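Here are the chains, one letter per residue:
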Amino acid sequence: MSTQKTIRQKAGTVEENALRLEPEKAEQIIDALNTDLADAYVLYHQLHKHHWNVEGAEFLDLHVFLQEVYEDVEAAADTLAERLQALGGVPHASMTTLAENATVEPEDEDVYDVRTSLENDLEMMGEIIESTRDHIELAESLGDHATGQLLREQLVTIEEHAHHIEHYLEDDTLVLEEATH
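Residues numbered from 1 in each chain as written. Predicted model: local features only at pLDDT ≥ 70, side-chain atom pairs only at ≥ 80, totals over all residues. Heavy atoms only, no water.

Trainee: Would you take a moment to explain the pattern of salt bridges for this structure?
Mentor: Think of it this way: side chains of opposite charge can pair up when their charged atoms draw near. Counted according to the given criterion, the structure contains five salt bridges. Residue arginine 133 pairs with glutamate 159 through a salt bridge whose shortest N-O separation is 2.6 Å. Remark: glutamate 159 occurs in helix α5 (residues 145-169) and arginine 133 occurs in helix α4 (residues 114-141); sequence separation between them is 26 residues. Assessed through its relative accessible area of 41%, arginine 133 is described here as partly exposed. According to the relative accessible area criterion, glutamate 159 is partly exposed, its value standing at 30%. Residue glutamate 140 is joined to arginine 152 by a salt bridge in which the shortest nitrogen-to-oxygen separation is 3.1 Å. (Salt bridge = Lys/Arg side-chain N within 4 Å of Asp/Glu carboxyl O. Helix = DSSP H or I, 4+ residues; strand = E, 2+ residues; numbered from the N terminus. Buried < 20%, exposed > 50% of the residue type's maximum accessible area, 1.4 Å probe, protein only.)

Trainee: Looking at this model, I keep getting lost on a negative patch on the surface. Mind explaining?
Mentor: Taken together, Glu68, Glu71, Asp72, Glu74, Asp78, Glu82 and Glu160 make up a surface patch of like negative charges. On the basis of relative accessible area, aspartate 78 is assigned to the partly exposed category, the value being 42%. (Patch = residues over 30% accessible without salt bridge, like charges linked within 9 Å, V, L, I, M, F, W, Y side chains within 5 Å. Areas by Shrake-Rupley, 256 points an atom, 1.4 Å probe, with all protein chains shown as cover. Lys, Arg positive; Asp, Glu negative; His and termini not counted. Charge placed at Lys NZ, Arg CZ, Asp CG, Glu CD.)

Trainee: Whenever I open this one, the packing of aromatic side chains confuses me. Can you help?
Mentor: A ring pair, where both rings are aromatic, is described by two values, the distance of the centres and the angle of the planes. A full pass over the atoms with the stated rule returns three aromatic pairs. On the basis of an interplanar angle of 75° and a centroid distance of 6.2 Å, the ring pair of tyrosine 41 and tyrosine 44 is categorised as edge-to-face. In this pair, tyrosine 41 and tyrosine 44 both sit in helix α1 (residues 23-53), three residues apart, roughly one turn of the helix. Owing to a relative accessible area of 24%, tyrosine 41 belongs among the partly exposed residues under this scheme. (Phe/Tyr/Trp six-rings, centres within 6.5 Å; stacked < 30°, edge-to-face > 60°.)

Right, here's the structure in full:
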């Protein structure tokens, strides 16, 4: 590990940006995006945990689905970090900082049944969906339409994944009615 201590930009600071967004406005958006980044990594790790631990009749489908979802979440996190850097900010990067700045509560280390795991994922996604909507409004109100668009695209993806989880949690309609009594 390098012992070099030259800091190019201190965490928590906002520099001028080539996007011509005033630093005061950029700072508000950067704070929101860093929260989104932290929440994304909490969701990413929880989805990854469930991907590792899924079992049962739907194992393969859920295993593949959860991998697709956590890969989408990781890609979204990367896009968030790059955008907030372009706005003159410093993306949260350490596990400690991400955990401290997340607004969603991660599941503990225990392994739960698949239904409980998916319910926990759906709950976290719901909280992130609501926060994303708020951050779209914030970005738009500050004149940052590009960040608003970026967040809209991410919102569509997470809403789609939440909708699919909701379907996984539904009762199986192929089961005969007499078999459920």
